Amino acid sequence: MPENPPRRRLPVIDAGPKSATRPVPPAPTPVAYPALGRVVAVSSGKGGVGKSTIAANLAIALAKRGARVGLMDADIYGPNLPRMMGVNTPPPVAAGKIIPLEAHGVKVISLGFLIERDQPAIWRGPIVMKIIVQFLSDVAWGQLDYLVVDMPPGTGDAQLSLVQSTHVHGAVIVTTPQDVATGDALRGVKMFQRVNVPVLGIVENMSHYECPHCGAESQIFGEGGGNRLASEVKLPVLAHVPLDPRIVGGGDKGRPIVIAHPESPAARALFELADKVAESVRAYVPA
């Protein structure tokens, strides 16, 4: 036996053998929802990198630039946007449509509005698919310019359900600088590319900490991981968002940093991210 046997590639999506007696049904054809505007997925390869924080601040920053923005919480298993956006009441229903709540100029829908805080979402893929489709089609979004979708970590049911349900105009991949995070983020990039969703670029969150007293920078979570990942996959780095305790405090209190401290370095990086995302998705035409 050789010391390093070649690695076997696991089957993905439709790459496995087809049964001669039970053919695999074709994947659903994505439905266009013109009223939703540009659909932007914010995703990550692993949890704990600040993906929901980036999604919430991106949505608000786009709204502050004058756009009509919706924010959809597709993180079915860990819906954190109600707390981060500062709204958490059951949404009303009118004419058979769910009315999204509004916060900081953004329309928001989340499973967290519909279940108890301590209720675990112990659901398989078909239920996840149904919830995502309902959030797209049964919510009275009105006319939007952007729908920002906060995805759960990883490359599983929710990501596949979204891209099979509607045209996704771009994905933003969030990572932190350390290699253990960028390795997982790489899989997220490859997943979206495999399903023909354009990846707009990489956001390196918690890129460094700037001392508020002396201004010295410390790379607490390593250095350059976002740049190395972007170079490997030939994508731009959309933003380096510094570590700032006010991001955590604002998220816990429902006042994201682009609202609470718009002149901070972190907020400026997030506004720059919003401008780059808007520019990148403007020319998208679905296949």
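These lines cover the structure that appears in this document, whether it is placed above or below. (Residues numbered from 1 in each chain as written. Predicted model: local features only at pLDDT ≥ 70, side-chain atom pairs only at ≥ 80, totals over all residues. Heavy atoms only, no water.)

Points about the pattern of salt bridges
Then, number 1: Within the structure shown, the criterion is met by eight salt bridges.
Then, number 2: The salt bridge involving Arg68 is made with Asp145; its shortest N-O contact spans 2.9 Å. Here Arg68 is found in the loop between helix H1 (51–64) and strand S2 (69–73), whereas its partner Asp145 is found in the loop between helix H3 (125–137) and strand S7 (146–150), with 77 residues between them in sequence.
Then, number 3: Between Lys276 and Glu272 there is a salt bridge, with the nearest N and O atoms lying 3.2 Å from each other. (Salt bridge = Lys/Arg side-chain N within 4 Å of Asp/Glu carboxyl O. Helix = DSSP H or I, 4+ residues; strand = E, 2+ residues; numbered from the N terminus.)

So, empty space enclosed by the protein
Then, number 1: Enumeration according to the criterion identifies one cavity of 30 Å³ or more in this entry.
Then, number 2: In this structure, the largest cavity encloses a volume near 50 Å³.
Then, number 3: Thr53, Ala56, Asn57, Met84, Ile247, Gly250, Gly251, Pro256 and Ile257 are the residues that line the largest cavity.
Then, number 4: Those elements that provide at least two residues to the lining of the largest cavity are H1 and helix H7 (245–253).
Then, number 5: Classifying every residue of the lining of the largest cavity gives five nonpolar, four polar and no charged. (1 Å grid on protein atoms, 1.4 Å probe; cavity = no way out; pocket = protein on both sides within 12 Å on 5 of 7 lines; lining within 4 Å. Points joined across faces, edges and corners; volume = space filled by probe spheres on them. Nonpolar A, V, L, I, M, F, W, Y, C, P; charged D, E, K, R; others polar.)

What to know about the packing of helix H5 (residues 179–194) against helix H6 (residues 225–233)
Angle between the axes and distance between the axes: these two values describe a pair of packed helices.
Then, number 1: Closest axis-to-axis distance for the H5/H6 pair is 10 Å, and the angle between their directions is 30 degrees. Taken together, the axes of H5 and H6 lie roughly parallel to each other. The interaxial crossing formed by H5 with H6 has right-handed handedness. Here H5 contributes Asp179, Thr182, Ala185, Leu186 and Val189 to the contact with H6, which in turn contributes Gly225, Gly226, Arg228, Leu229, Glu232 and Val233.
Then, number 2: Residue composition of the contact of H5 with H6, grouped by class: five nonpolar, three polar and three charged. (Axes fitted to C-alpha atoms, helices over the stretch in contact; angles between N-to-C directions. Parallel < 35°, antiparallel > 145°, perpendicular 65-115°, else oblique. Left-handed = near helix turned anticlockwise from the far one by under 90°. Contact = heavy atoms within 4.5 Å.)

Section: the packing of H1 against helix H9 (residues 265–281)
Then, number 1: Following both chains from N to C, one finds H1 and H9 inclined at 75 degrees, their axes separated by 9 Å at the closest point. When the axes of H1 and H9 are compared, the pair comes out roughly perpendicular. Listed contacts from H9 to Ile54, Asn57, Leu58, Ala61, Leu62 and Lys64 of H1 are Leu270, Phe271, Leu273, Ala274, Val277 and Ala278.
Then, number 2: Grouping the amino acids of the contact of H1 with H9 by side-chain chemistry returns ten nonpolar, one polar and one charged.

What about H1?
Then, number 1: Here H1 is 14 residues long and its end C-alpha atoms lie 20 Å apart, about the 20 Å a rise of 1.5 Å per residue gives.
Then, number 2: Within H1, 13 of the 14 residues are buried, which leaves the element mostly enclosed by the surrounding structure.
Then, number 3: Gly66 sits one or two positions beyond H1 and adopts a positive phi of about 105 degrees. (Expected span 1.5 Å × (residues − 1). Buried < 20%, exposed > 50% of the residue type's maximum accessible area, 1.4 Å probe, protein only.)

Points about unusual backbone geometry
Then, number 1: At Ala95, a residue that is not glycine, the phi angle is positive and equals roughly 55 degrees.
Then, number 2: Counting through the fold element by element, Ala95 comes out in the loop between strand S3 (93–94) and strand S4 (97–98).
Then, number 3: Here Met206, not a glycine, exhibits a phi torsion of approximately 55 degrees, which is positive.
Then, number 4: Owing to a relative accessible area of 18%, Met206 belongs among the buried residues under this scheme.

Things to note about the pairing of strand S8 (residues 170–175)
Then, number 1: Counting buried residues in S8 gives six out of six residues, a clear majority hidden from the surface.
Then, number 2: Where strand S1 (residues 38–44) meets S8, five bridges bridge the pair, whose relative direction is parallel. Bridged to Ala41 within S8 is Ala171.
Then, number 3: Where S8 lies against strand S9 (residues 199–210), five bridges are found, and the strand directions are parallel. Note that in S9 the partner of Val172 across the bridge is Gly201. (Pairing = 2+ DSSP bridges.)

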